[in-house]
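As a plain string of letters, each chain reads:
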Amino acid sequence: MVNLTKIYTRTGDAGNTRLSNNEVASKTDSRVEAYGCVDEANCAIGIALSLPEQLAPGITEEIREALGIVQNELFDVGADLSNPVTPNPKWEPLRVIQSSIDRLEKYCDEFNEGIENLRSFILPGGGLAAAQMHVCRTAVRKAERAAWRAAEDYGLEEEGTEPSGGINPLAIKYLNRLSDLFFILARKVCANEHKEEVLWLPGGERNPNA
């Protein structure tokens, strides 16, 4: 259990911070940016979960339970991204594992069941709850892009290779699957609330006489 007794430390006033392995890094380091974006995505989920039932009836108890698990796992993702992969670490680091990704794929299959096939691309909307799911989706996509930039800077640890300070690929894979889940959830809560999805109309269809 984490025990925080003091929030401000003044240690970051010079533009540096420490990664989970106590390594000093610039606050503009791509790894710091990556786990910061994960934190941002988690905040977007917090808004979704804070919507009262009368405003967001489509966010069912089943969805709320899944998002509660996701919020905790995103902390795991952030911890993973902030801890360079190294051989023989002094303490066993917290890493994203395949079973967490498998659970996301299971959620995708379950929540996608019964949703109508897509007829066009979807614009963010379809009600407050659906729109917030799209905010979550794009925030997670942003975190995934940031994680890939960190992987470009520090390397991507592949199975069977000697750890050398790179990024755990399963952390990035988790973010990819999670963005898929939020796309599905945006459609699911829209359907639950019996609202119409906002479909994209290409230029020619919007301006037939142009």
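Everything below is about the structure shown above.
Just so it is clear, the structure is predicted and the values come from calculations on it, not from any experiment.

The rules behind these values
Residues numbered from 1 in each chain as written. Predicted model: local features only at pLDDT ≥ 70, side-chain atom pairs only at ≥ 80, totals over all residues. Heavy atoms only, no water. Axes fitted to C-alpha atoms, helices over the stretch in contact; angles between N-to-C directions. Helix = DSSP H or I, 4+ residues; strand = E, 2+ residues; numbered from the N terminus. Parallel < 35°, antiparallel > 145°, perpendicular 65-115°, else oblique. Left-handed = near helix turned anticlockwise from the far one by under 90°. Contact = heavy atoms within 4.5 Å. Nonpolar A, V, L, I, M, F, W, Y, C, P; charged D, E, K, R; others polar. Core = buried A, V, L, I, M, F, W, Y, C linked by side-chain atoms within 4.5 Å. Buried < 20%, exposed > 50% of the residue type's maximum accessible area, 1.4 Å probe, protein only. Salt bridge = Lys/Arg side-chain N within 4 Å of Asp/Glu carboxyl O.

Student: Kindly report on the packing of helix α3 (residues 98–112) against helix α5 (residues 169–192), identifying the contributing residues and their values.
Tutor: Two quantities define a packed helix pair, namely the angle between the axes and the distance from one axis to the other. Interaxial distance between α3 and α5 falls to 9 Å at its minimum, and their mutual angle equals 15°. In terms of axis orientation, α3 runs roughly parallel to α5. Regarding α3 and α5, the two cross each other, and that crossing is left-handed. On α5, the residues that touch Q98, S100, I101, L104, E105, Y107, C108, F111 and N112 of α3 are L170, K173, Y174, R177, L178, D180, L181, I184, L185 and K188. When the residues that make up the contact of α3 with α5 are grouped by side-chain class, the tally is eleven nonpolar, three polar and five charged.

Student: I'd like a description of the nonpolar core, backed by residues and values.
Tutor: Grouped together as the largest cluster of nonpolar side chains are 51 residues, with contacts concentrated most on L74, V77, L81, M133, Y174, L178 and F182. For this core, the secondary-structure elements that each account for two or more residues are α1 (30–50), α2 (61–81), α3, α4 (128–154) and α5. It is α5 that contributes the most residues to this core, twelve residues altogether.

Student: Requested: an account of the pattern of salt bridges, with residues and values cited.
Tutor: Using the criterion set out here, one finds ten salt bridges in the structure. Between D29 and R31 there is a salt bridge, and its shortest N-O distance comes to 3.1 Å. Given the relative accessible area of 3%, R31 is considered buried. In this structure, the salt-bridge partner of R187 is E197, at a minimum N-O distance of 2.7 Å. With a gap of ten residues between them, R187 in helix α5 and E197 in the loop between α5 and β4 (198–199) connect regions that are remote in the sequence. Judged by relative accessible area, R187 falls into the buried class, the value being 7%. If you follow the salt bridges from partner to partner, you end up with R141, E144 and D180 in one network.

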